[in-house]
Amino acid sequence: MKSISSPPGVSLTRQPNAGGYFGEFGGQFVPEMLRPALEELEQVFLSLKDQPQFQRQLEQELQNFAGRPTPLHFAQNLTRHYGAARIFLKREDLLHTGAHKINNTIGQILLARAMGKRRIIAETGAGQHGVATATVAARFGLKCRIYMGAEDMRRQFPNVQRMRMLGAEVISVSGGTQTLKDATNEALRDWLTHVEHTHYIIGSVVGPHPFPMIVRHFQKIIGEEVREQARSRLGKFPDYLVACVGGGSNAIGLFHPFLSEEGVRLIGVEAAGKGLQSGQHAATLTRGRPGIFHGMRTYLLQDRHGQVQLPHSVSAGLDYPGVGPEHSFLKQRRRVAYHCVTDREALEAAFRLARSEGIIPALESAHALAFLEYLMPQTHNNQVVIVNLSGRGDKDLDTYIEYDPTFRRTDRP
Amino acid sequence: MSERLQRVLNNLRQSKTKALSVFTMAGYPTPEATLEIVPLLARAGVDFVELGIPFSDPIADGPIIQAAAHRALQHGTTLHRVLQMIEQLRRQTDIPLLLMGYANPVWQFGLEPFAETCRRLQVDGIILPDLPLEEYRPYQSLFQATDLDVIHLIAPNTPEHRIRTIDRHSTAFIYCTTHTGVTGRNPRSSARMTAFFSQLSNWVTHPVMIGFGVKSHRDFVYYSQFADGVIVGSAFLQFLQSLKPDDYPSAIPRFVRAIRHADPEGMEPKTPR
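Since the model is a prediction, treat every value here as computed from it, not as a measurement.

1. Things to note about the packing of helix H4 (residues 101-114) of chain A against helix H9 (residues 211-219) of chain A
Residue and element names in this part refer to chain A.
So, point 1. The geometry of H4 relative to H9 is characterised by a closest axis approach of 8 Å and an angle of 115 degrees between their N-to-C directions. In the packing of H4 onto H9, the handedness of the crossing is right-handed. In contact with Lys 101, Asn 103, Asn 104, Gly 107, Gln 108 and Leu 111 of H4, H9 contributes Phe 211, Ile 214, Val 215, Phe 218 and Gln 219.
So, point 2. Of the residues belonging to the contact of H4 with H9, the class tally is 5 nonpolar, 5 polar and 1 charged.

As C-alpha cells, this is what we get:
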C-alpha cells in the first residue's frame, strides 16, 4: 500500500484557504450578483459555528429530530460471506428522511433563519436532499421550492410525493439532461433572481465557496461519530473507510475527521454506469479533467471544447458531471483512492446486502458496498472496513424490481 | 486596451450620443447566419457587438439565450469555430467585437492561446459573467498584455465600495445589469433601483453599459439616462427567431431603428413579458 506523503507546508486538513480554494480547486466562479449573498453566508456561518447556543440547537435537532447518533452495525453475515476483514456499516440510512442529507439541511436552515431569509430553494437528484430540505422547511416554517430534473422525477417518484406532502413546491426541470446538473442550473438561476430573501440549501459539497466548506462542516459528524464508536467498540481506528461519491458529501463527512490518520485508508467509489468504455458513466474523478462548473474549479466530465458531458448512472444521486472540489484536491494529493463500479455491480451489491443483512440500501450507497468485491480479497481478518450506508433503498424499489426480481449471482461484467 | 473600442466609446461621449450594443449568439440560428447578421448590425449603426460563445450550462441566462446556445451547440459551434467566424467577420467589418460566454470553454482552450488568438483576430473584449474580480485577478496581466479588455459586471446589489474596486480594475467599460437575475427577464424598475442607477455615475470613472432584459425604445431611453448606453440581447435573439434568413437585410436595420429611435410605425419588437 502507498504511504501518504504530504509536501511540507500544505496541510490536508486546513482547507479551504480564505479564497475558498482546496489547493488549486474550488473558488467562487459565480456572477457578481451572488457575491453579497455568499459573503453574508460565510460571515454568518463563521460567526455562528463555534457559538455555544448555535451548537446546542444544532445538537438538539440532530438528536431529537433527525435521530443521531446513528449506529455502527457489525455486518456479521456479510463479513462471513467474504471471510476477510470485519465489515461495519455506518447507518446513516436510519436517519429521519432516510439519508445523511438531513445533517446538512438542519445546519443550513439554522443559518437561513439567522440571516432572516424567508424562502428556501434546493436542487435534488435522487430526491433525498429535496425531501430533507422540504422537511426542515416545514419544521421551521419557511417557504420551499425544490428543482428536480423531469427524468429524475420519473425514476424517484415516491420522493416527489413526499416533498409535496411536506408542503414544498416541486419544479420539474426539462432542460438539458433533465437530471441533477440541470436542476442545479435552475436553482442557481432562481437564486440569482431572488437572492435577497432566499437561501439556497445546496445538497452536496459542491458549488461556489463557502458551500463546500459549510456542507462539510455539517456532514463531518458522520466521521466524528465513527471515531468515537471505533475507539470504544474496537479499541482502534478502522483500516478502511468506503463511501460512494456523486457530489461527495457523505464521503467528505466520513473522511474528513480521518484525513490526518495516516493508517486509515480512504476509498471513494464513483458510478461507472454502463462501464467506463461505454462513455455512459458518472466517474468524474476517474475520467474527467479539471474545469469550471457550478461556481467551482473541479474535476469535470467534459468534451475537449469544455462543454459539460452527460453523465449516466442508474443512481440518480450519483448522476452528476462534477464533484466537490475537496475531492479533486484529495485525489490530487492521493489521500483518497477513487474507484468506480458499474450499475450492475451496484444492483448486485444491493441485493447481497438485503439478503445477508436485512437492510435495503439506497442505490448510491450500493456503489460503496459493491466495491467490497474488489477490496475484501485484499484484506485479512484482523482488519476493519467501515462502509458508509448513506441512505435507505425504499425510493429505489422500482429499479431493483425491474433489474431482476429473481436475483441470482452473476459474474462481474 | 483595445484602441478600436476606446475610440468608439470616446466618440460617443464627445458627441453625447448613447451607445446601442447588440448581443447575438454565435452559431444561432446557424453559423452561416451569424456571418450575415453581424455585418448587418454594424451597417445598421449598432456601436458594438457582443458575440456569445455557446456553453452547455449557462447559469446566468434566461430561456431565450439558453435555447440559442443549445441550438448553436447542435450546429457544432465550439470556441474554435467562434474564433474562425471572427476571422471571417473581420474581413467585412471594423465594428468593435466582444466575446461573451462562460469561463470553462475559454479555460479548456487555454488562456494564453485564447488571449493571443484574440489579439491576432482583433477581438476587442471579453465578458465572462462567471469570472468575478477575485478569480480574474491572477490572470489580469495576461489579458492586459494582449490588449484584450475584460469587461466586469456589476448589479444593483453590488455595494459602492466594490463598484469602485471593479472600476479601478476595468479598462473599457463596466457592464451593469438592470436587476439581479438572469438575461432576458423584464425588470420592473423600483424606486430603489432608480436610486441605485442615479448614483452609479458618481462611483465610476469608466463608461457604463446597462443590459439584461432591455428590449424596447422605452427601455433604451430609460436606462440610457443613467449610463453611456444599453445592450440588447434576448430581445434580438427572439426577433431573429421570427425571421427567415431572406428577411435579415430589411428586418435587422428595422430592429435597430426601432430600439434607437422608436419605430415610426409603432413596430417595437414584440417580446413576451
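2. Structural notes on the interface of chain B and chain A
For interface size, the figure often reported is the accessible area lost on association.
So, point 1. Each partner contributes to the interface: chain B provides 38 residues, whereas chain A provides 32 residues.
So, point 2. Between chain B and chain A, roughly 2800 Å² of surface is buried when both sides are summed, and carbon and sulfur atoms account for 51% of that area.
So, point 3. A salt bridge links Arg 192 of chain B to Glu 196 of chain A; the nearest nitrogen and oxygen atoms lie 3.1 Å apart.
So, point 4. When residues of the side of chain B that touches chain A are assigned to their parent elements, the largest contribution, 5 residues, is made by helix H5 (residues 103-109) of chain B.

3. Points about the sheet that holds strand S5 (residues 119-124) of chain A
Residues and elements named next belong to chain A.
So, point 1. Across the sheet, which stays open at both edges, the 4 strands sit in the order S7-S6-S5-S8 with parallel pairing between neighbours. Lying at the two open borders of the sheet, with one neighbouring strand each, are strand S7 (169-173) and strand S8 (198-200). Strand after strand, the sheet turns through a mean of 25 degrees between neighbouring axes, direction not considered.
So, point 2. Here 5 bridges tie strand S6 (residues 143-149) to S7, and the two strands are oriented parallel to one another. What sits directly across from Ile 146, in S7, is Val 170.
So, point 3. Of the strands in this sheet, S5 and S6 are in contact with helix H5 (residues 128-140), which crosses S5 at around 165 degrees.
So, point 4. Contacting S5, S6, S7 and S8, helix H8 (residues 180-193) runs over the sheet at an angle of about 160 degrees to S5.

4. Here we look at the domain arrangement of chain A
Residue and element names in this part refer to chain A.
So, point 1. The assigned domain composition of chain A is domain 1 (22-61 + 101-215) and domain 2 (67-98 + 220-408).
So, point 2. Contacts between the two partners involve 38 residues from domain 1, matched on the other side by 42 residues from domain 2.
So, point 3. Of the roughly 3100 Å² buried between domain 1 and domain 2, counting both surfaces, carbon and sulfur atoms make up 61%.
So, point 4. On inspection of domain 1 and its partner domain 2, the count reaches 2 salt bridges.
So, point 5. A salt bridge links Glu 24 to Arg 297, with the shortest nitrogen-to-oxygen separation between them at 3.1 Å.

5. Some details on the environment of Gly 167 of chain A
Residues and elements named next belong to chain A.
So, point 1. Its location among the elements puts Gly 167 in the loop between helix H7 (157-165) and S7.
So, point 2. Look at Gly 167 and you get exposed, because its relative accessible area is 61%.
So, point 3. Along the chain, Gly 167 and Thr 135 lie 32 residues apart, while their C-alpha atoms are 8.7 Å from each other.

6. Side note on the environment of Gly 52 of chain B
Residue and element names in this part refer to chain B.
So, point 1. Of note, Gly 52 is situated in strand S2 (residues 48-52).
So, point 2. Judged by relative accessible area, Gly 52 falls into the buried class, the value being 0%.
So, point 3. Contacts of Gly 52, omitting those with residues within four sequence positions, involve Phe 23, Thr 24, Met 25, Ala 26 and Met 100.

7. A few points about the nonpolar core
So, point 1. Among the nonpolar cores identified, the biggest contains 197 residues, and Leu 99, Phe 114 and Phe 173 of chain B are the most heavily contacted of them.
So, point 2. Built from parts of two domains, this core gets at least three residues from each of domain 1 (22-61 + 101-215) and domain 2 (67-98 + 220-408) of chain A.
So, point 3. With sequence-adjacent residues up to four places away left out, Phe 114 of chain B is seen in contact with Leu 79, Leu 83, Leu 99, Val 106, Phe 109, Ile 126 and Leu 148 of chain B.

8. Observations concerning the packing of aromatic side chains
So, point 1. For the structure shown, the criterion picks out 25 aromatic pairs over all chains.
So, point 2. Taken together, a centroid distance of 5.3 Å and an interplanar angle of 40 degrees make the contact between Phe 48 of chain B and Phe 173 of chain B tilted. Residue Phe 48 of chain B is found in strand S2, and its partner Phe 173 of chain B is found in the loop between helix H9 (160-168) and strand S6 (174-177); the two are separated by 125 residues along the sequence. As far as the burial class goes, Phe 48 of chain B and Phe 173 of chain B line up, both buried.
So, point 3. Above the face of the Phe 65 of chain A ring, Arg 139 of chain A is positioned so that its terminal group lies 5.1 Å from the ring centre.

9. Re the pattern of salt bridges
So, point 1. Overall, the coordinates contain 40 salt bridges over all chains when judged by the stated rule.
So, point 2. In this structure, Lys 49 of chain A and Asp 50 of chain A form a salt bridge, with 3.3 Å as the shortest nitrogen-oxygen distance.
So, point 3. A residue is classified by how much of its surface remains accessible, and Asp 50 of chain A, at 52% relative accessible area, is exposed.
So, point 4. A salt bridge links Arg 216 of chain A to Glu 326 of chain A; the shortest N-O distance between them is 3.1 Å. Taken as a pair, Arg 216 of chain A in helix H9 and Glu 326 of chain A in helix H13 (residues 325-332) lie far apart in primary sequence, 110 residues in all. Each member of the pair, Arg 216 of chain A together with Glu 326 of chain A, is buried.
So, point 5. Residues participating in the shared-partner salt-bridge network are Glu 32, Arg 35 and Glu 39 of chain A together with Glu 134 and Arg 162 of chain B.

About the thresholds
- Residues numbered from 1 in each chain as written.
- Chains lettered and ligands numbered in written order.
- Predicted model: local features only at pLDDT ≥ 70, side-chain atom pairs only at ≥ 80, totals over all residues.
- Heavy atoms only, no water.
- Axes fitted to C-alpha atoms, helices over the stretch in contact; angles between N-to-C directions.
- Helix = DSSP H or I, 4+ residues; strand = E, 2+ residues; numbered from the N terminus.
- Left-handed = near helix turned anticlockwise from the far one by under 90°.
- Contact = heavy atoms within 4.5 Å.
- Nonpolar A, V, L, I, M, F, W, Y, C, P; charged D, E, K, R; others polar.
- Buried area = accessible area lost by both parts, 1.4 Å probe.
- Salt bridge = Lys/Arg side-chain N within 4 Å of Asp/Glu carboxyl O.
- Pairing = 2+ DSSP bridges.
- Domains from an automatic or database assignment.
- Buried < 20%, exposed > 50% of the residue type's maximum accessible area, 1.4 Å probe, protein only.
- Core = buried A, V, L, I, M, F, W, Y, C linked by side-chain atoms within 4.5 Å.
- Phe/Tyr/Trp six-rings, centres within 6.5 Å; stacked < 30°, edge-to-face > 60°.
- Lys NZ or Arg CZ within 6 Å of the ring centre and 35° of its normal.

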